[in-house]
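Examination of the molecular architecture
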Amino acid sequence: MAEENLLGEFVRARRELVTPEQAGIPVTGVRRVPGLRREEVAMLAGISADYYLRLEQGRDRNPSVQVLESLARVLRLDDAATEHLLRLAATKPLRRTPMPELRSSTAKLLASLALPAFVETRYMDVLAANRLATAMSPRLVPGTNRLRDMFLDPAEQDLYPDWETDSVSAVAGFRKSVGAETHDPRYAEIVGELCLASPRFSSIWARHDVIVCAAAPMRVAHPQVGDLVLNRERLGVEGSPGQALVIFHPDPGTDSAEKLTLLGTTVAAR
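Here goes a summary of the coordinates provided. Since we're looking at a predicted model, the values are computed, not measured.

**Side note on the overall build of the protein**
- Scanning the protein from N- to C-terminus turns up 14 helices and five strands.
- Over its C-alpha atoms, taken along the principal directions, the protein stretches across nearly 65 × 40 × 35 Å.
- Here the protein holds 270 residues, and 47% of them are scored as buried.
- The contacts of the protein with a sequence gap of at least 6 include a subset with a gap of at least 24, amounting to 56%.
- Taken as a whole, the protein presents about 13,700 Å² of accessible surface, with 54% of it coming from carbon and sulfur.
- Side chains of the protein give 33 positive and 35 negative charges; the mean places of these two sets differ by 3 Å.

Encoded structure:
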């Protein structure tokens, strides 16, 4: 994975998703490639076709910010995807990243929250979860990986009525979280296993989508309290690079709020 051409693969995948009509290019005859041709991207970005080819093939991995921003414009990237593009072109660390440890203060905060919450790494490995989070999903325990469960565990898939959509968001959020931090063997383990074990993951991964998942509402079909509609917040843990606190919360006064309170009462009674 260390030799992976992340920058080239990203711009190629996004190039194939932009239609000539979207780019304002007249279509004549039969086109053999999906999306834009390399020379069309180069022309619209104001760079030579040869230079763009070198970028896509990984033979030039140090483009200027101006070139990257021009490519982002042509490829119709939003802010999150543009930031991801810039990070891919940045210098990558070569050292192995140690497994992060959960600070005691973060663990105390997690336990005190009256909402489902957990802490995960940038690779979506769960470091800790409070009792209400585990009651919402038994897979939310230290040592599990949320992306792996999303694609390989049928019980976890059953929790999400909108699994088809949620799985796309999960992969795009994972790519956003990882960014250029692909030097860690953990990244290779997760992506390698899922590409082999899940055709759907492999298909979604090839699109190179990047999104920010924070504050996005989601539906959960809980086997005990029924359907829940919860908002999702993903907050960076200060002083702990790569860690994020994820909190699920319902809109006040809703049926979901009442059901989550009922679930919390059940947990407290145990």
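**Considering the packing of helix α5 (residues 65-74) against helix α6 (residues 79-89)**
- In the contact formed by α5 and α6, the axes pass within 10 Å of each other and the chain directions differ by 145 degrees. Handedness of the crossing formed by α5 with α6: right-handed. Across the interface between the two elements, Val65, Leu68 and Ala72 from α5 touch Thr82, Leu85, Leu86 and Ala89 from α6.
- Per-class residue counts for the contact of α5 with α6 are six nonpolar, one polar and no charged.

**Section: the sheet that holds strand β5 (residues 244-249)**
- With respect to topology, five strands assemble into an open sheet ordered β2-β1-β5-β4-β3, the strand pairing being antiparallel. Every other strand in the sheet has two partners, leaving β2 (126-129) and β3 (218-222) as the edge strands with one partner each. Adjacent strand axes in the sheet meet at a mean angle of 30 degrees when their direction is disregarded.
- Packing against the sheet, helix α14 (residues 255-268) makes contact with β3 and β4 (226-236), and its axis sits at approximately 85 degrees to β4.

**Some thoughts on helix α12 (residues 185-197)**
- Under the 1.5 Å per step criterion, the end-to-end length of α12 is 18 Å for 13 residues, consistent within 8% with the ideal 18 Å.
- For α12, every residue scored as buried is listed here: Tyr187, Ile190, Val191 and Leu194. Angular distribution of buried residues about the axis of α12 spans 85 degrees; they occupy a single face of the element.
- On its buried face, α12 sits against α1 (6-15), α9 (146-152), α11 (163-178) and α13 (199-205).

**Quick look at unusual backbone geometry**
- Its identity is not glycine, yet Arg76 carries a phi of approximately 60 degrees, on the positive side.
- Secondary-structure assignment places Arg76 in the loop between α5 and α6.
- Its identity as a non-glycine residue notwithstanding, His208 has a phi of 60 degrees, on the positive side.

**Quick look at the nonpolar core**
- One finds Leu147, Phe151 and Phe174 to be the most contacted residues of the largest nonpolar core, which totals 63 residues.
- The residues touching Phe174, leaving out its near neighbours within four places in the chain, are Arg122, Tyr123, Met124, Leu147, Tyr187, Ile190, Val191 and Trp205.
- By size, the runner-up hydrophobic cluster in this structure holds eight residues, among which are Leu110, Val119, Leu127 and Leu245.

About the criteria used
Residues numbered from 1 in each chain as written. Predicted model: local features only at pLDDT ≥ 70, side-chain atom pairs only at ≥ 80, totals over all residues. Heavy atoms only, no water. Helix = DSSP H or I, 4+ residues; strand = E, 2+ residues; numbered from the N terminus. Buried < 20%, exposed > 50% of the residue type's maximum accessible area, 1.4 Å probe, protein only. Contact = heavy atoms within 4.5 Å. Areas by Shrake-Rupley, 256 points an atom, 1.4 Å probe, with all protein chains shown as cover. Lys, Arg positive; Asp, Glu negative; His and termini not counted. Charge placed at Lys NZ, Arg CZ, Asp CG, Glu CD. Axes fitted to C-alpha atoms, helices over the stretch in contact; angles between N-to-C directions. Left-handed = near helix turned anticlockwise from the far one by under 90°. Nonpolar A, V, L, I, M, F, W, Y, C, P; charged D, E, K, R; others polar. Pairing = 2+ DSSP bridges. Expected span 1.5 Å × (residues − 1). Arc of directions from axis to C-beta. Core = buried A, V, L, I, M, F, W, Y, C linked by side-chain atoms within 4.5 Å.

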